[in-house]
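# Structural description and commentary
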Amino acid sequence: MRPENQSSVSEFLLLGLPIRPEQQGVFFALFLGVYLTTVLGNLLILLLIRLDPRLHTPMYFFLSHLALTDISFSSVTLPKMLMNMQTRCQAITYAGCISQVYCFIFFGCLDSFLLAVMAYDRYVAVCHPLHYTAIMRDELCVILVAGCWLAACAQALLHTLLVDQLTFCAGTVIPHFFCDLAVVLKSSCSDTSLNELLILTEGGLIFTLPLSGILGSYIRMAAVILKVPSFTRIFKALSTCGSHLFVVFLYYGTIAGVYYFPSSGNSKVKDIVASLMYMVVTPMLNPFIYSLRNKDMKHALQKIFRTMGTADYR
């Protein structure tokens, strides 16, 4: 294949999921159900937080942004993947591919930053309960969320601009179901050493700093709880923090598997499965982890149902 610059390449070919043609219908229904569950579940979180004044607290302010991020993160790739499975057309335009790269990095980083901010919020609530209101002021909450959005935007813009400078061959095939940054770099005909160095260094900091903050917050919370051992406190902490940590390890573990311990040889099934875990499964689980097991959210949902039932009765 002859190399062409980015302005000459009009489209790429996405190979999609490694499944047989006769299984396309089953997987289409499965992923459509997962996507609808993700969108509706996170929209329910946004609705409940918006309508119930008791949920106008820092924790739910951060949760509302996480829900919006999860909807957007899933929407970056799943609709295109579903459309390709339905139409059997695997082409994606160059502009569409670059847009996927940007949005994937942006919402992925934003998800990571928000998880770290939420861990800090819980740390303050558990370790400094008497000063929680004074520390987690509305101004600080807005600054933290704005910082997350700006940092994610800068990270995504940096990588996307560097990708846009690369040269691609005519008829480039991307062995994935979306334009993943690592796969796009391997599909380029030009030198990508700078891009790869940036992923390992600056990208490594973006990966390790939020994760270290999350783990540090939970370790500190565990130390505070264990100072005054109580079966009720320990059980409540495990039921809440355990599910949160499960999502954190699932999210960060699969990202590490894709970018820092990639598959060797021609087999990319492991990378595709790992990408599905952090791009599809984690956003779907978050409504269940952060809401359905949350007493305040359950009360807010019951309140809406009672209001609807009263309105129907009248």
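The text that follows walks through the structure, step by step, so that each part is easy to find. Nothing here was measured: the structure is a model prediction, and the numbers come from that model. (Residues numbered from 1 in each chain as written. Predicted model: local features only at pLDDT ≥ 70, side-chain atom pairs only at ≥ 80, totals over all residues. Heavy atoms only, no water.)

This part is about the overall build of the protein. Looking only at helices and strands, the protein has 11 helices and five strands in total. Here the C-alpha atoms of the protein give a radius of gyration of 22 Å, agreeing with the 20 Å that 2.2 N^0.38 yields for 314 residues. Considering only C-alpha atoms, the protein reaches an extent of 65 × 50 × 35 Å along its principal axes. Relative to its 314 residues, the protein shows a buried fraction of 47%. Taking the contacts inside the protein whose residues are at least 6 apart along the sequence as the reference set, 79% of them involve residues at least 24 apart. A total of about 15,900 Å² of accessible surface is found on the protein, and carbon and sulfur atoms cover 69% of it. Within the protein, one finds 21 positive and 17 negative side-chain charges whose respective centroids are separated by 13 Å. (Helix = DSSP H or I, 4+ residues; strand = E, 2+ residues; numbered from the N terminus. Rg over C-alpha atoms; globule rule 2.2 N^0.38 Å. Buried < 20%, exposed > 50% of the residue type's maximum accessible area, 1.4 Å probe, protein only. Contact = heavy atoms within 4.5 Å. Areas by Shrake-Rupley, 256 points an atom, 1.4 Å probe, with all protein chains shown as cover. Lys, Arg positive; Asp, Glu negative; His and termini not counted. Charge placed at Lys NZ, Arg CZ, Asp CG, Glu CD.)

As enumerated under the stated definition, the model contains 17 aromatic pairs in all. Measuring from centroid to centroid gives 6.3 Å for F27 and F31, while their planes differ by 25°, and the two rings are stacked. Highlighted residues: F27 and F31, both in helix 1 (residues 24–51), separated by four residues, approximately one helical turn. Of the residues examined, F31 reaches a relative accessible area of 8% and is grouped as buried. (Phe/Tyr/Trp six-rings, centres within 6.5 Å; stacked < 30°, edge-to-face > 60°.)

Moving on to empty space enclosed by the protein. Under the criterion given, the structure shown has one cavity of 30 Å³ or more. Lining the largest cavity are 19 residues, with C109, Q155, G203, I255 and Y259 sitting closest to its centre. Looking at the lining of the largest cavity, the elements that each hand over two or more residues are helix 3 (94–127), helix 5 (138–164), helix 8 (202–227) and helix 9 (231–259). The leading source of residues in the lining of the largest cavity is helix 3, at five residues. Residues that form the lining of the largest cavity fall into these classes: 14 nonpolar, five polar and no charged. (1 Å grid on protein atoms, 1.4 Å probe; cavity = no way out; pocket = protein on both sides within 12 Å on 5 of 7 lines; lining within 4 Å. Points joined across faces, edges and corners; volume = space filled by probe spheres on them. Nonpolar A, V, L, I, M, F, W, Y, C, P; charged D, E, K, R; others polar.)

With that settled, the discussion passes to the nonpolar core. Most often, soluble globular proteins have nonpolar side chains that are buried together. Of all hydrophobic cores here, the largest spans 93 residues; its most connected members are F104, Y259 and Y278. Looking at this core element by element, the count peaks at 19 residues for helix 3. (Core = buried A, V, L, I, M, F, W, Y, C linked by side-chain atoms within 4.5 Å.)

What follows covers unusual backbone geometry. Here the phi dihedral of R88 falls at roughly 60°; this positive angle occurs in a residue that is not glycine. Note on placement: R88 falls in the loop between helix 2 (58–87) and strand 3 (91–93). Among the residues examined, R88 registers a relative accessible area of 56% and is labelled exposed.

Considering the arrangement of structural elements, one finds I289 in helix 10 (residues 269–292). What makes I289 buried here is its relative accessible area of 15%. For the pair I289 and H244, spaced 45 residues apart in the sequence, the C-alpha separation amounts to 6.8 Å. What I289 contacts, discounting residues up to four positions off in sequence, is S243, H244 and V247.

This next bit is on the side chain of N84. Here N84 shows up in helix 2. Once you skip the residues sitting within four places of it in the chain, N84 turns out to touch L14, C89, Q90 and A91.

Below, the discussion takes up helix 8. Taking 1.5 Å as the rise per residue, helix 8 with 26 residues should run 38 Å; its terminal C-alpha atoms sit 38 Å apart, in good agreement. The set of residues buried in helix 8 consists of G203, G204, F207, P210, L211, I214, S217, Y218, M221, V224 and I225. (Expected span 1.5 Å × (residues − 1).)

Summed over all chains, the structure comprises one disulfide. Disulfide pairing is shown between C97 and C179; the S-S distance is 2.1 Å. Judged by the sign of its S-S torsion, about -120°, the cystine formed by C97 and C179 is left-handed. Placement of the pair is C97 in helix 3 and C179 in the loop between strand 5 (173–174) and helix 6 (181–186), with a sequence separation of 82 residues. For the pair C97 and C179, a shared accessibility class is recorded, and that class is buried. Of the cysteine sulfurs around C103, a residue in no disulfide, the closest is that of C153, at 10 Å. Cysteine C148 remains unbridged, with the sulfur of C109 as its closest cysteine sulfur at 11 Å. According to the relative accessible area criterion, C148 is buried, its value standing at 5%. (Disulfide = S-S within 2.5 Å.)

Geometry only, nothing functional implied.
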